[in-house]
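# Secondary and tertiary structure notes
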Amino acid sequence: MEQFTIDENGHCVIPAGTIEIGESAFADRYSLKSVEIPSSVTSIGNDAFAYCSCLRSIEIPSSVTSIGNEAFAHCSCLRSIEIPNGVIEIGKGAFAGCSALQSIELPSSVTHIGDEAFAYCKGLQSIELPSSVTHIGNSAFYGCESFESVEIPSSVTHIGDKAFACCRGLQSIKIPNGVIEIGKWAFYCCESLQSIKIPNGVIEIGKWAFYCCKSLQSIELPSSVTIIGDKAFCGCKSLESVEIPSSVTRIGDEAFAYCRGLQSIELPSSVTIIDNSTFFGCSGLQSVRILHGVIEIGEWAFLGCESLQSIEIPSSVTSIGDRAFLKCKNLSSLTLHYKEPIDLSPKLVAELPISDKITLHVPVGTGDAYRHHLEFSKVKEVIDNVR
């Protein structure tokens, strides 16, 4: 490996004619403050300047087409950098941990932003992603706490796992129609994010995708979404409403748990299973309507929904998990669509929120059958007005 000389001022001039800055060429050279790269260089290798913690400025010539993995990782004093036109890929972790980096320019040649490429660039306030970018890797901008807004170009189809996780200052993001996948933990703990519109074409909202986005007030889900992953919106305590489209077939465990601002929810007939703890701790939830088609309500599905006043359960439901409605202390109205109480299994009846505070609404003409049933006779009142 060629050794380059650093002068007493921390400056290095790489000789003309050099084609490649090899792997780890300057790695851990704490004395390096600035470097001149000649126009003959075409490639900057893996870890080339990694942990050069005093490096403040560098100018990359237009001849460079390749920037390797972790090439400038943890250059904690580097404030700005311009990537030359011709570079196609920003390697894995290329600028990870450049905590002082405030601005970076990406050319129109870049198509691929690698995993962790700008992770923990805490000072990076904004970045303009060119329309050439098609891929944003896993954790690409993880922990970029100073980000306030991001516009993703229409060329992007996949947003990687944890791509913008822990961007705590991020207030808005525009996701284009071309995106079909939002990865797991993609916007995890984006605490300042207030609203988001998911474009038509996205099929799955990944697990933990918007977990603990505690300022998120509204979200639009398109008719293309079929799966809402586990804990996708868990802890979004400011979320007041969400319309779940009829395309959704599965809502994962704890998908909306601790969404304390959520007031009402209607679950479409396309959903067959309400998974465990889906609405656990939604203390502001007042009403739930479950359309015919749901067959199973999981364990703790509505546990701790203290403001829940009414719930409607279709006759398609054949299983209710343990403690599904535990601590729903203000529940006063229960609507059942079963034609006869005999249609309900003893286990199903045992998990229904039956008490002397409940007004039970049942199908027309079935009131007496419910009134004379051992368990349903405990309710405050039976009204047969359901058609």
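Predicted, not measured: the structure shown is a model, and the values here were computed from it.

## Here's the deal with the overall build of the protein chain
Regarding its fold elements, the protein chain presents 2 helices and 29 strands. Put simply, 26% of the contacts in the protein chain that link residues at least 6 apart link residues at least 24 apart. Total accessible area computed for the protein chain in this model is approximately 16700 Å², and 44% of it derives from carbon and sulfur atoms. The averaged location of the 44 negative side-chain charges in the protein chain is 9 Å from the averaged location of its 28 positive side-chain charges.

## Side note on the packing of aromatic side chains
As enumerated under the stated definition, the model contains 22 aromatic pairs in all. Both rings, one in Phe164 and one in Phe187, keep their centres 5.6 Å apart while their planes meet at 5°; by these two values the pair is stacked. With Phe164 in the loop between β13 (158-159) and β14 (172-174) and Phe187 in the loop between β15 (181-182) and β16 (195-197), the pair connects residues that are 23 residues apart, well separated along the chain. When sorted by exposure, Phe164 lands in the same class as Phe187, which is buried.

## Section: the sheet that holds strand β23 (residues 287-290)
Ordered in space as β21-β23-β25-β27-β28-β29, the 6 strands form an open sheet in which the pairing is parallel. With one partner strand each, in any of the chains shown, β21 (264-267) and β29 (381-386) form the two edges of the open sheet. Geometrically, the sheet is characterised by an average inter-axis angle of 15° between neighbouring strands, direction not taken into account. Relative to β23, β21 is paired through 4 bridges, and the arrangement is parallel. Each bridged residue has a counterpart across the sheet, and for Ser264 the counterpart in β23 is Ser287.

## Remarks on the nonpolar core
Judged by nonpolar contacts, the single largest core of 125 residues is most densely connected at Phe49, Phe72, Phe164, Phe210, Phe233 and Phe302. When contributions to this core are tallied by element, the ones reaching two or more residues are β21, β23, β25 (310-313), β27 (333-336), α1 (346-351) and β28 (359-363). The contacts of Phe210, once residues within four sequence positions are left out, are Phe187, Leu193, Ile196, Ile198, Ile205, Ile219, Ala232, Phe233, Cys234 and Cys236.

## Considerations on the side chain of Ser132
Residue position: Ser132 is located in the loop between β10 (112-113) and β11 (135-136). The residues contacting Ser132, other than those within four sequence positions of it, are Pro107, Ser108, Ser109, Val110, Thr111 and Ser155.

## A look at the sheet that holds strand β1 (residues 11-13)
Strands sit in the order β1-β3-β5 across an open sheet of 3 strands; the sheet is parallel. The open sheet has two free edges, formed respectively by β1 and β5 (57-59), since each of these has just one partner strand. The sheet shows a mean angle of 10° between the axes of neighbouring strands, direction not considered.

## Thoughts on the pattern of salt bridges
Tallied over the entire structure, the rule returns 10 salt bridges. The shortest N-O distance in the salt bridge between Glu191 and Arg168 comes to 2.9 Å. With Glu191 in the loop between β15 and β16 and Arg168 in the loop between β13 and β14, this pair connects stretches of sequence that are 23 residues apart. The partner of Arg250 in a salt bridge is Asp230, and the shortest N-O contact between them spans 3.2 Å.

## Let's talk about the state of the cysteines
Counting across every chain of the model gives 0 disulfides. Left unpaired, Cys77 is separated from the closest cysteine sulfur, that of Cys54, by 5.5 Å. Overall, the relative accessible area of 21% leaves Cys77 in the partly exposed class.

## Some details on unusual backbone geometry
Phi at Asp47 takes a positive value of approximately 60°, unusual for a residue other than glycine. If you trace the backbone, Asp47 turns up in the loop between β4 (43-44) and β5. When its relative accessible area of 23% is taken as the criterion, Asp47 is described as partly exposed. The phi torsion at Cys189 lies on the positive side, around 55°, for a residue other than glycine. Relative to the elements of secondary structure, Cys189 occurs in the loop between β15 and β16.

## Comments concerning the environment of Ser307
Relative to the helices and strands, Ser307 is located in the loop between β24 (296-297) and β25. Considering only alpha carbons, one finds Ser307 and Gln263, 44 residues apart in sequence, at a separation of 8.6 Å.

## A word on the confidence of the model for the protein chain
Residue-level pLDDT values for the protein chain average 94, and 99% of them are 70 or greater. Within the protein chain, the lowest mean pLDDT, 86, falls on strand β9 (residues 103-105), and the highest, 97, falls on β28.

## As for the environment of Glu243
Examined against the element boundaries, Glu243 turns out to sit in the loop between β19 (227-228) and β20 (250-251). Distance from Glu243 to Ala369, taken between C-alpha atoms, is 36 Å for residues 126 residues apart in sequence.

## Looking at the side chain of Ser247
Mapping Ser247 onto the fold places it in the loop between β19 and β20. Within the structure, Ser247 has its side chain in polar contact with the backbone oxygen of Ser223 (distance 2.7 Å). Not counting residues up to four positions away in its chain, the partners in contact with Ser247 are Pro222, Ser223, Ser224, Val225, Thr226 and Ser270.

Conventions used here
Residues numbered from 1 in each chain as written. Predicted model: local features only at pLDDT ≥ 70, side-chain atom pairs only at ≥ 80, totals over all residues. Heavy atoms only, no water. Helix = DSSP H or I, 4+ residues; strand = E, 2+ residues; numbered from the N terminus. Contact = heavy atoms within 4.5 Å. Areas by Shrake-Rupley, 256 points an atom, 1.4 Å probe, with all protein chains shown as cover. Lys, Arg positive; Asp, Glu negative; His and termini not counted. Charge placed at Lys NZ, Arg CZ, Asp CG, Glu CD. Phe/Tyr/Trp six-rings, centres within 6.5 Å; stacked < 30°, edge-to-face > 60°. Buried < 20%, exposed > 50% of the residue type's maximum accessible area, 1.4 Å probe, protein only. Pairing = 2+ DSSP bridges. Axes fitted to C-alpha atoms, helices over the stretch in contact; angles between N-to-C directions. Core = buried A, V, L, I, M, F, W, Y, C linked by side-chain atoms within 4.5 Å. Salt bridge = Lys/Arg side-chain N within 4 Å of Asp/Glu carboxyl O. Disulfide = S-S within 2.5 Å. pLDDT = per-residue confidence, 0-100. Polar contact = N/O pair within 3.5 Å; in protein donor to acceptor, adjacent residues only side chain to side chain.

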